[in-house]
Amino acid sequence: MLLSRSIRRLAAAGGAFFLASCAAEDITVPKQVPLEEQVWAASLQVNLAQFTKLPSGVYYLDEVAGTGETLTGTPTISVYYAAYLPNGNKVDERASTTTPVCFPLSGLIGGWQVGLQGMKIGGKRRLLVPPDYGYGAGGAGSIPGNANLLFNVELKGTGCTP
């Protein structure tokens, strides 16, 4: 009985060691770069000094101040948008269609949820979104893990039906 307890303890310790070694940093996930240190492609025309930093770490810049209602809460939103990686690659776009896309804001990434607050309908806003408010270490589709993102968003309305 004492021997089997010792073997169980040894097996448990070995299992814990095995699990700990598997939890070592995954070298396939790119390292997270703070937005303040990110180098953006010149074609994206990102000058961080022009942006406003929110407490979340998301940055925004109003290119066009809208004249409609101010966005608050998490309604459904009607938008045109484009998303870019720091190297300038476009990873998503809903800006070339004739009809804006409708999303429930509550179902979107945190960077949109905090970054669009206070925006007026008709406005155009640029968002710089860190991974913690974007797609995290896992990424999504063509967006790699730990990617900082630039979104160009035009808010067309609220209260649409997705």
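Residues numbered from 1 in each chain as written. Predicted model: local features only at pLDDT ≥ 70, side-chain atom pairs only at ≥ 80, totals over all residues. Heavy atoms only, no water.

Visitor: Sorry if this is basic, but what is going on with the overall build of the protein chain here?
Guide: Along the protein chain, the regular secondary structure elements total two helices and seven strands. What you see in the protein chain, going N to C, is helices and strands ordered as α-β-β-β-β-β-α-β-β. Expressed as a percentage of the 162 residues in the protein chain, the buried residues total 36%. Approximately 9,400 Å² of the protein chain is accessible, and the part contributed by carbon and sulfur atoms is 56%. (Helix = DSSP H or I, 4+ residues; strand = E, 2+ residues; numbered from the N terminus. Buried < 20%, exposed > 50% of the residue type's maximum accessible area, 1.4 Å probe, protein only. Areas by Shrake-Rupley, 256 points an atom, 1.4 Å probe, with all protein chains shown as cover.)

Visitor: For this particular structure, what's the right way to read the state of the cysteines?
Guide: Should the sulfur atoms of two cysteines be covalently bonded, the bond is a disulfide. The tally for this structure, following the rule as stated, stands at one disulfide. One disulfide in the model links Cys 102 with Cys 160; its S-S distance is 2.0 Å. Sign of the S-S torsion, about 95 degrees for the bond between Cys 102 and Cys 160, identifies this disulfide as right-handed. Here Cys 102 is found in strand β5 (residues 101–104), whereas its partner Cys 160 is found in the segment after β7 (149–158), with 58 residues between them in sequence. Take Cys 102: its relative accessible area is 17%, and that puts it in the buried class. (Disulfide = S-S within 2.5 Å.)

Visitor: So what exactly am I meant to see when it comes to the confidence of the model for the protein chain here?
Guide: Detailed conclusions should not be drawn from predicted coordinates in areas where pLDDT is low. Mean pLDDT over the protein chain works out to 87, with 83% of the residues at or above the 70 mark. The model gives residues 1–23 a pLDDT under 50, and that stretch makes zero contacts with residues more than four places away or in other chains. (pLDDT = per-residue confidence, 0-100. Contact = heavy atoms within 4.5 Å.)

Visitor: Looking at this model, I keep getting lost on the pattern of salt bridges. Mind explaining?
Guide: Side chains bearing opposite charge may pair, as long as their charged atoms lie close to each other. For the coordinates displayed, the defined rule picks out six salt bridges. Of the charged contacts, one joins Asp 92 and Arg 94 as a salt bridge, the two residues approaching to 3.2 Å between their closest N and O atoms. Among the residues examined, Asp 92 registers a relative accessible area of 28% and is labelled partly exposed. A relative accessible area of 36% means that Arg 94 is categorised as partly exposed. The shortest N-O distance in the salt bridge between Glu 154 and Lys 156 comes to 3.3 Å. Looking at Lys 156, the relative accessible area reads 40%, which means it is partly exposed. (Salt bridge = Lys/Arg side-chain N within 4 Å of Asp/Glu carboxyl O.)

Visitor: Any chance you could explain the nonpolar core here in plain terms?
Guide: Nonpolar side chains tend to gather and get buried jointly when the protein is soluble and globular. Grouped together as the largest cluster of nonpolar side chains are 25 residues, with contacts concentrated most on Ile 77, Val 79, Trp 112, Leu 116, Leu 127, Phe 151 and Val 153. Secondary structure elements with two or more residues in this core: β3 (76–84), β6 (124–129) and β7. Residues within four places of Val 153 in sequence aside, it is in contact with Val 79, Tyr 80, Tyr 81, Trp 112, Leu 116, Met 119, Gly 123, Lys 124, Arg 125 and Leu 127. Within the second largest apolar cluster, 11 residues are counted, among which are Trp 40, Tyr 59, Ala 82 and Tyr 84. (Core = buried A, V, L, I, M, F, W, Y, C linked by side-chain atoms within 4.5 Å.)

Visitor: Can you walk me through the side chain of Thr 76 in this structure?
Guide: By the element assignment, Thr 76 lies in strand β3. Exposure remark for Thr 76: the relative accessible area of 17% places this residue in the buried category. There is a polar contact of 2.7 Å between the side chain of Thr 76 and the backbone oxygen of Cys 160. Look past the residues within four positions of Thr 76 in its chain and what remains in contact with it is Cys 102, Phe 103, Pro 104, Leu 105, Gly 157, Thr 158, Gly 159, Cys 160 and Pro 162. (Polar contact = N/O pair within 3.5 Å; in protein donor to acceptor, adjacent residues only side chain to side chain.)

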